[in-house]
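The residues making up each chain are set out below.
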Amino acid sequence: MAFLVSAFLQLFDLAYFMAKGSVAYARKKGVKVGENCRIYIKNWGSEPFLVSIGDHVTVTSGVKFITHDGSTCLVKDAQGKRYQRFAPIQVGSHVFIGVNSIIMPGVTIGSNVVIGAGSVVTKDIPDNAVSIGIPAKVVSSFADYQAKIQSTCASDSDLVGITDYRERVERAMAIQAAKSSH
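In short, a report on the structure.

Analysis parameters
- Residues numbered from 1 in each chain as written.
- Predicted model: local features only at pLDDT ≥ 70, side-chain atom pairs only at ≥ 80, totals over all residues.
- Heavy atoms only, no water.
- Helix = DSSP H or I, 4+ residues; strand = E, 2+ residues; numbered from the N terminus.
- Buried < 20%, exposed > 50% of the residue type's maximum accessible area, 1.4 Å probe, protein only.
- 1 Å grid on protein atoms, 1.4 Å probe; cavity = no way out; pocket = protein on both sides within 12 Å on 5 of 7 lines; lining within 4 Å.
- Points joined across faces, edges and corners; volume = space filled by probe spheres on them.
- Domains from an automatic or database assignment.
- Polar contact = N/O pair within 3.5 Å; in protein donor to acceptor, adjacent residues only side chain to side chain.
- Contact = heavy atoms within 4.5 Å.
- Pairing = 2+ DSSP bridges.
- Axes fitted to C-alpha atoms, helices over the stretch in contact; angles between N-to-C directions.
- Phe/Tyr/Trp six-rings, centres within 6.5 Å; stacked < 30°, edge-to-face > 60°.

1. Description of unusual backbone geometry
- A cis amide bond, omega -10 degrees, links I134 with the succeeding residue P135.
- The topology assignment puts P135 in the loop between β12 (129-132) and β13 (137-141).
- At N36, a residue that is not glycine, the phi angle is positive and equals roughly 55 degrees.
- If you check the backbone angles, N112 has positive phi at about 60 degrees while not being a glycine.
- Locating N112 in the fold gives a position in the loop between β9 (108-109) and β10 (113-115).
- Relative accessible area serves as the criterion here: at 26%, N112 is assigned to the partly exposed category.

2. Quick word on the layout of surface pockets
- Of the pockets and cavities examined, the largest pocket occupies roughly 340 Å³.
- Around the largest pocket, the lining comprises 13 residues; the ones closest to its centre are V95, F96, V114, F142 and Y145.
- Secondary-structure elements contributing two or more residues to the lining of the largest pocket are β7 (95-97), β10 and α3 (142-152).
- The element best represented in the lining of the largest pocket is α3, accounting for three residues.
- Viewed by domain, the lining of the largest pocket spans two of them, domain 1 (30-135) and domain 2 (142-181), each represented by three or more residues.

3. Looking at the side chain of S131
- By the element assignment, S131 lies in strand β12.
- Polar contacts involving the side chain of S131 include one to the main-chain carbonyl oxygen of K137, which spans 3.2 Å.
- Beyond its immediate stretch of four places on either side in the chain, S131 contacts V114, I115, G116, S119, I125, A136, K137 and V138.

4. Some remarks on the sheet that holds strand β4 (residues 57-59)
- Read across the sheet, six strands follow the order β2-β4-β7-β10-β12-β13 without closing on themselves; strand pairing throughout is mixed. Each end of this open sheet is capped by a strand with a single partner; those strands are β2 (38-39) and β13.
- Sheet topology note: the β2/β4 ladder contains two bridges and is parallel. Bridged to R38 within β4 is T58.
- Here α3 sits on the sheet and contacts β10, β12 and β13; the angle it forms with β13, its principal contact strand, is near 55 degrees.

5. Focus on the pairing of β12
- Where β10 meets β12, three bridges bridge the pair, whose relative direction is parallel. Paired with V113 across the bridge in β12 is A129.
- When β12 meets β13, the two strands line up antiparallel, connected through four bridges. Bridge pairing in β13 links A129 to S141.
- Linking two consecutive strands that pair antiparallel, namely β12 and β13, is a turn of four residues; a positive phi of about 105 degrees is found at G133 within it.

6. Points about the packing of aromatic side chains
- Within the structure shown, the criterion is met by two aromatic pairs.
- Arranged with centres 5.2 Å apart and planes meeting at 20 degrees, the rings of W44 and F65 form a pair that is stacked. With a gap of 21 residues between them, W44 in the loop between β2 and β3 (51-53) and F65 in strand β5 (residues 64-65) connect regions that are remote in the sequence.
- The class for F65 is buried, based on a relative accessible area of 4%.
- Considering the side-chain rings of F142 and Y145, the 6.0 Å spacing of their centres and the 45 degrees angle between planes classify their relative orientation as tilted. Here F142 and its partner Y145 are both found in helix α3, three residues apart, which amounts to about one turn of the helix.
- Judged by its relative accessible area of 30%, Y145 is partly exposed.

What follows is the structure, given as structure tokens:
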């Protein structure tokens, strides 16, 4: 019977996710999500109510928010009972979290931040930073990142009117090549 209930709940969750979208699903699970966010994950772990996300945040595929420390089960008190550690995760506004990144318990990520793909964020990241690696470290200011993107990439303004996706990608790459040859 427990298996049937579990299967039904998973099916209901999937239907809700598909019908309402990822942001509504995250909110249903208890995540505090701001406005104009793009979320590409469905799994919010065991304490989604401990995750808070600001406005204009992109959470890409494979990102994991870890709000507890399961290793505390190895430490017991005088009665043989395990210890527990839980900690919230806060993400500011205007943040991009790259593919397969892991955000650990108790971390605060500031605003105007890029977290590079595959990073493991173990400590707070300040506002206006680009952070990458395992463990994630600040490698650039957001202003320097912004200047680099503006000088090396195509803007959507450069691609106005091109509706075919492949054509848009090829035009963007041509613009990138032209900018990098200067």
